[in-house]
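Each chain, written out:
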Amino acid sequence: MTDKIQKVLSVRTRPQRPNGVSSSMTIGWRALLKIKYVPEQLLDVTAFPIMFLLMFTYLFGGAIVGSTSEYLQFLLPGILVMTVVQITMYTGVELNNDISKGIFDRFRSLPIWRPSILVGMLLVDSVRYTLASAVMISLGLIMGFRPEGGSLGIVATVALLILFSFSLSWIWTTLGLILRSEKSLMGVSMLVMFPLTFISNVFVDPRTLPSWLQAFVDVNPISLLVTASRGLMHGTATFEQIGWVIIASVIIMAIFAPITMYLYKNKE
């Protein structure tokens, strides 16, 4: 009997080792399935963006510029940026959660391309960013938002936003490998993202701010992204505005992607 079993096993073709693309897509599919069975995860890209846009437009629009319709043209690109960048932390949260449950160690033992675990998670987050953008822009159009840059401007805005958010996610994956719990990571991310998003040009023109605060707002990466997004949507963007966002994204990835991979490979 043993000889027969050995014979069967010896003639069986060994499966080929999966390449980086297939393993990354498999990990991404796993993350999508988690959303399927826990759809409440999409509240942050559906319900919360709607609530933010409605509240800020109708509560503060008249007080800030005297017209909710006029304020909507200014506000929507900023709220879109704020909504998407604040959900970039979920890659790190999911990674930290997998580490605490022991799934992370199981993944590292598999004969797959090591970075595919992180790449797969980041790809699914790009889907979340796109969904959040679609919800915000659709609601804005219903409320009266009229982008002078047309459909091309909207697509270019979403593409630039996804690029920046993808780079920002590497910061949270780094912290996800360092911090001991997902609550700690969420606390740190809120501590960082709230000042960056509120002390920016999301809600008001920085020219109305004190000079010392305006100096910070002008170099804030979130402000750079909002400026480029407004320009693309309204057809006034310059290559310089877009270029600064791309440069900031490349710098963030150049710093944190290698750190993340180093920590990932040496995580005990």
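Presented here is an overview of the structure given in this document. (Residues numbered from 1 in each chain as written. Predicted model: local features only at pLDDT ≥ 70, side-chain atom pairs only at ≥ 80, totals over all residues. Heavy atoms only, no water.)

## Quick notes on the overall build of the chain
No. 1: Of regular secondary structure, the chain possesses 12 helices and zero strands.
No. 2: Secondary structure elements in the chain, listed N-terminal to C-terminal, are α-α-α-α-α-α-α-α-α-α-α-α.
No. 3: The dimensions of the chain, computed from C-alpha atoms along their principal axes, are 85 × 35 × 35 Å.
No. 4: For the chain, buried positions account for 43% of its 268 residues.
No. 5: Here the contacts in the chain between residues at least 6 apart in sequence split such that 78% fall between residues at least 24 apart. (Helix = DSSP H or I, 4+ residues; strand = E, 2+ residues; numbered from the N terminus. Buried < 20%, exposed > 50% of the residue type's maximum accessible area, 1.4 Å probe, protein only. Contact = heavy atoms within 4.5 Å.)

## Concerning the packing of helix 8 (residues 150-178) against helix 12 (residues 239-266)
Two measures define how a pair of helices packs: the angle their axes make with one another and the distance between the axes.
No. 1: Contact geometry for helix 8 and helix 12: axes closest at 8 Å, N-to-C directions at 25°. It follows from the interaxial angle that helix 8 and helix 12 lie roughly parallel. For the pair helix 8 and helix 12, the sense of crossing is left-handed.
No. 2: In terms of residue class, the contact of helix 8 with helix 12 is made up of 21 nonpolar, five polar and no charged. (Axes fitted to C-alpha atoms, helices over the stretch in contact; angles between N-to-C directions. Parallel < 35°, antiparallel > 145°, perpendicular 65-115°, else oblique. Left-handed = near helix turned anticlockwise from the far one by under 90°. Nonpolar A, V, L, I, M, F, W, Y, C, P; charged D, E, K, R; others polar.)

## Focus: the nonpolar core
One recurring pattern in soluble globular proteins: nonpolar side chains tend to sit buried together.
No. 1: Of all hydrophobic cores here, the largest spans 45 residues; its most connected members are Leu-53, Val-85 and Phe-164.
No. 2: When residues of this core are traced back to their parent elements, those giving at least two are helix 3 (47-65), helix 4 (68-85), helix 7 (116-143), helix 8, helix 9 (182-198), helix 11 (221-233) and helix 12.
No. 3: Here this core takes 10 residues from helix 4, the largest share from any one element.
No. 4: Non-local contacts of Val-85, meaning those with residues more than four positions away in its chain, are made with Leu-161, Phe-164, Ser-165, Leu-168, Met-193, Thr-197, Ile-222 and Leu-225.
No. 5: One finds Leu-95, Ile-112, Leu-177 and Ala-257 within the second-largest nonpolar core, a separate group that totals 14 residues. (Core = buried A, V, L, I, M, F, W, Y, C linked by side-chain atoms within 4.5 Å.)

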